[in-house]
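Now for the letters of each chain:
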Amino acid sequence: MSNESLANLLKEERRFAPPAELAARANVTAEAYEQAKADRLGFWAAQARRLSWASAPTETLDWSNPPFAKWFADGKLNVAYNCVDRHVENGLGDRVALHFEGEPGDTRSITYAELLGEVSRAANALTELGVQAGDRVAIYMPMIPETVVAMLACARIGAPHSVVFGGFSADALATRIQDADARVVITADGGYRRGKPSALKPAVDEALTRPGTESVRSVLVVRRTGQETAWTKGRDVWWHDLVRRQSDQHTPQAFDAEHPLFILYTSGTTGKPKGILHTTGGYLTQVSYTHHAVFDLKPESDVYWCTADVGWVTGHSYIVYGPLSNGATEVLYEGTPDTPHQGRWWEIVQKYGVTILYTAPTAIRACMKWGDDIPAKFDLSSLRLLGSVGEPINPEAWVWYRKHIGGDTTPVVDTWWQTETGAIMISPLPGVTDTKPGSAQVPLPGIAATVVDDDANEVPDGAGGYLVLTEPWPSMLRTIWGDDQRYLDTYWSRFKNRYFAGDGAKKDDDGDIWLLGRVDDVMLVSGHNISTTEVESALVSHPKVAEAAVVGATDPQTTQAICAFVILRQEAAAAEAKVEAASADAEGDLVEELRAHVAKQLGPIAKPKRILPVAELPKTRSGKIMRRLLRDVAENRALGDVTTLTDSSVMELIQSRLPAASSED
Ligand code: ATP
Ligand code: MG
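Quick notes on the rules
Residues numbered from 1 in each chain as written. Chains lettered and ligands numbered in written order. Predicted model: local features only at pLDDT ≥ 70, side-chain atom pairs only at ≥ 80, totals over all residues. Heavy atoms only, no water. Near = heavy atom within 4 Å. Polar contact = N/O pair within 3.5 Å; in protein donor to acceptor, adjacent residues only side chain to side chain. Areas by Shrake-Rupley, 256 points an atom, 1.4 Å probe, with all protein chains shown as cover. Nonpolar A, V, L, I, M, F, W, Y, C, P; charged D, E, K, R; others polar. Pairing = 2+ DSSP bridges. Helix = DSSP H or I, 4+ residues; strand = E, 2+ residues; numbered from the N terminus. Axes fitted to C-alpha atoms, helices over the stretch in contact; angles between N-to-C directions. Contact = heavy atoms within 4.5 Å. Phe/Tyr/Trp six-rings, centres within 6.5 Å; stacked < 30°, edge-to-face > 60°. Buried < 20%, exposed > 50% of the residue type's maximum accessible area, 1.4 Å probe, protein only. Lys NZ or Arg CZ within 6 Å of the ring centre and 35° of its normal. Salt bridge = Lys/Arg side-chain N within 4 Å of Asp/Glu carboxyl O. Domains from an automatic or database assignment. Buried area = accessible area lost by both parts, 1.4 Å probe.

1. Describing the site of ligand 1
Then, in step 1: In the neighbourhood of ligand 1, 21 residues make up the surrounding shell, with Thr266, Gly268, Thr269, Thr270 and Thr419 lying closest.
Then, in step 2: Residue Gly390 places a main-chain N or O atom 3.0 Å away from a nitrogen atom belonging to ligand 1.
Then, in step 3: Between Thr415 and ligand 1, the recorded distance is 2.8 Å, taken from a backbone N or O atom to a nitrogen atom.
Then, in step 4: Protein chains bury 95% of the 640 Å² of accessible surface belonging to ligand 1 in isolation.
Then, in step 5: Residues of the shell around ligand 1, tallied by class, amount to 5 nonpolar, 9 polar and 7 charged.

2. A look at the sheet that holds strand 22 (residues 464-469)
Then, in step 1: Taken together, 4 strands build an open sheet; the order of strands is 21-22-24-25 and the sheet is antiparallel. One side of each edge strand has no neighbouring strand; the edge strands of this open sheet are strand 21 (449-452) and strand 25 (513-518). The mean inter-strand angle of the sheet, taken between neighbouring strand axes irrespective of direction, is 45 degrees.
Then, in step 2: By the bridge criterion, 4 bridges tie strand 21 to strand 22 in an arrangement that is antiparallel. Along strand 22, the bridge assignment pairs Val451 with Leu467.
Then, in step 3: Packing of helix 18 (residues 532-540) onto the sheet brings it into contact with strand 24 (499-507) and strand 25, and relative to strand 25 it is tilted by some 100 degrees.

3. Some words on the packing of aromatic side chains
Then, in step 1: What the rule picks out here adds up to 31 aromatic pairs.
Then, in step 2: Relative to Phe72, the ring of Trp53 has its centre 5.8 Å away and its plane inclined at 65 degrees; by these criteria the two rings are edge-to-face. Remark: Phe72 occurs in the loop between strand 2 (70-71) and strand 3 (76-77) and Trp53 occurs in the loop between helix 4 (40-48) and strand 1 (61-62); sequence separation between them is 19 residues.
Then, in step 3: Aromatic pair Tyr318 and Tyr358: ring centres 5.9 Å apart, planes at 80 degrees, arrangement edge-to-face. With Tyr318 in helix 12 (residues 313-325) and Tyr358 in strand 18 (residues 356-359), this residue pair connects regions lying 40 residues apart in the sequence.
Then, in step 4: On the basis of relative accessible area, Tyr358 is assigned to the buried category, the value being 0%.
Then, in step 5: A connected cluster of aromatic rings, assembled from ring pairs, spans Trp63, Phe68, Trp473, Tyr487, Tyr491, Trp492 and Tyr499.
Then, in step 6: Just above the ring of Tyr265 sits the side chain of Arg176; from NZ or CZ to the centre is 4.9 Å.

4. Remarks on the side chain of Thr111
Then, in step 1: Its place among the elements puts Thr111 in strand 5 (residues 107-111).
Then, in step 2: Given a relative accessible area of 15%, Thr111 falls into the buried group.
Then, in step 3: Polar side-chain contacts of Thr111 include one of 3.4 Å to the backbone oxygen of Gly93.
Then, in step 4: Apart from residues no more than four positions distant in its own chain, Thr111 is found in contact with Gly93, Asp94, Arg95, Val96 and Ala97.

5. So, the pattern of salt bridges
Then, in step 1: Scanning the model with the defined rule gives 45 salt bridges in all.
Then, in step 2: The closest approach of N and O atoms between Arg344 and Glu347, which form a salt bridge, is 3.8 Å. In this pair, Arg344 and Glu347 both sit in helix 13 (residues 344-352), 3 residues apart, roughly one turn of the helix.
Then, in step 3: Here Arg344 falls in the buried class, since its relative accessible area comes to 3%.

6. Details of the environment of Gly134
Then, in step 1: Along the polypeptide, Gly134 turns up in the loop between helix 6 (112-128) and strand 6 (137-140).
Then, in step 2: Exposure remark for Gly134: the relative accessible area of 24% places this residue in the partly exposed category.
Then, in step 3: As for Gly134 and Cys154, which are separated by 20 residues in sequence, their C-alpha atoms are 9.7 Å apart.
Then, in step 4: Apart from residues no more than four positions distant in its own chain, Gly134 is found in contact with Gly158, Ala159, Pro160 and His259.

7. A short note on the domain arrangement of the protein
Then, in step 1: You can read the domains of the protein as domain 1 (3-437), domain 2 (448-518) and domain 3 (526-661).
Then, in step 2: Taken together, the contacts link 5 residues of domain 2 with 5 residues of domain 3.
Then, in step 3: Taking both sides of the interface into account, the surface hidden between domain 2 and domain 3 amounts to around 330 Å²; carbon and sulfur atoms contribute 42%.
Then, in step 4: In terms of surface lost to domain 3, no three residues of domain 2 exceed Lys506, Leu516 and Arg518, which account for 84% of the buried area on that side.

As C-alpha cells, this is what we get:
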C-alpha cells in the first residue's frame, strides 16, 4: 500500500501547532535537537547532570563490546536518593509526591518528606530480612503507595526488583520468581478491583509451592483489603509489623551506574515475555530527561497522572522513576476506569486538577465507545497536555482524545518506546512540534532512529520498512536476564549494528515516523504489504466503530486475506443488537458498509474479506491487542501463549462466532 493511504487518512491535513503559551515557556526548545546533533554524547552527559551523583561520571558511553553498553560507568549514585531525599534536602519536603486514590474512594496524600520516611523504613525492613545489594526482590502488588515505596526501597539498597503485574496468575508469578531467583516477595492481602476486594496473597502462596521458588525466604505482606489471609509462620511477615517499627532514618549507599536496577518482563504481545534488565545511571538519566522534555513538567505547578499499572514499564519509568526524580506531584489510582461509573477517571482529573495525563490508546478507545457525554459531565479544563503510549493510536482516537478530553486545545504526544528502550524514544515535543494525529513523529534529541528496508538501507521519505535504532541510548536494556544469546538474537541479529525494534514503520513526506504495528503482523495480500494498523485506523475512522483488530489469515487466492474484528461504539452496538435479533441480513449491511469504507479510505486491495463485530478483543494485561491469537483463530490453529491474556473467555466468544463469519465470504 502506497503513501496515498496515509495521505487519505490525513486528508483533512490535520496538524496542530503547539499552543503559544506552552511554546513560550516550554522546558525544551528546538535548540535541543541541534545540541544533540552536534554532540550526542555531550548532550547525554549534560542530561546526566540533572541527577545528583555521589561520584560524577567522567565517561559517557563505553561501546567497546557491542551490543553490551555501559553508560556513565565510573559514576556512582543512589536512585532513591535522587527520587526522594534530594527534594527534601532542597526544601520541598512538604510538596505532595503522591495523591493516592483507592478504588473504593479512600485517599491519601503523601509528601516527599513522608515518602522519605516510608522508603527509609522499608529499606531498613528489607535489610532486616537479610536482603543485600544484588539480591532480587519480587513485587506483586496492587496500585497502592506501598508499591512505590517498595520499589524505591529496593533501589535504595541496591536490590533489583522484579515487579509482576498484580493480575497475573500464580504460574506467571512462579516463573518470574524462578527466573530472577528472588529472595523476598513483597505483596498485599489484596487490592480493590471492579468494586470488590481481589486477593493477591493466595497466588503467592501457590507460586511458592512450585519447584524452583525455594530461594524465597520471606514474604512481606501489606494489609490493604483486610480479607482473611492464610499465613506461613516463619516466612510471612506483615508490613505493618515489620516496616512500621523500623527507624525512618536510612543512609543511602551509592551504587555503580551499571548496577542492576530492575528486571521487567515485556507484555507478551508477540510471544513469550522476555525478562529485560535495566541498570541505574543511564536509565535514570533518560527517564528523568524524557519526563521533563516530553511532558514539559513544571514540578511546582503541575499535577501529573499516568494511568498505567506499575507492573509495566510505563509504570516503572513514568509513575515511579521519571516523575519522582523530577520532584513531580502525581496521582496514583488503584482501580479500573469504569468503577463505580464510566466517568471515574474524569472525576479524578477534576478532583485533583490534573494538568498532564498519560494513558494508552486502549483506554481512549474504551472511552470513545462509552460515549462523548461522559467526559463532558466533568471539568477537565485543568488539562494542558495529553500523552499516549502502548500501541499505535488511530488518528480518529487521537482527535477524539484531544477534542473531548483536551478541550480542543491541548497537545497530544504520541510516545513510542518499549520495555527494552526503558524510556521514550520517538515523540513530538509539545512546545516545538506541530503534532499530527496518529504519528509518533520524531526521535527525541539524542536518539537515533530510522526506518530501513530488508537490506538495512534507510528508506526515503514516503516509504515504509522496519524501525531500527542506530545508536545506543542511555536507558537501553543491557541484556535479557540470564540470556545474553537471546538478547543478541532478538534485537541485534536482523540488522548489523542496529537495534531491531520488531515494529514496522513508515516515513511520511516530511520524514515523520508512523508506527505500523508489529513486523510479524504485516499482511501480504496479492503481492502487497498491508499494515494492520492502517486498516484498523481506517475502520476506526468510521463513526460506528470504536476499536478494530485486523489480521491476515492464510488464503489460497490472495496469500493472506484481511480479517477484521470490530467493537462498535455504544449507540451503534445497541442498534446492532436490535437489528441482529431481527435479521442476520442487517448485520451484513453494516459489514458491507464498513468494507466499502475501508476500500474508500485505503483502496480496494485493503478491503477486509471478513469483518466480525465482537464485544471484546483479546488483549494483554497491559491493554494491547493480541493479534497473534486472532490469527490463530482465523486460521483454525490452537492458540499460542496465552499467559499474558486478560480474559480467556474472550477468545471462546470470538471462536464461537467465527463460523457465522466464514459464511460471509
Ligand atoms: P512482547 O515484546 O512480549 O511481545 P510488547 O512488545 O507488547 O510485548 P512492551 O514492551 O510493553 O511489550 O511494548 C512495546 C511495544 O508497544 C512496541 O514495540 C510497539 O509495538 C508498541 N508501542 C508502544 N508505544 C507505541 C506507540 N506510541 N505507537 C505505536 N506502537 C507503540
Ligand atoms: Mg516487544
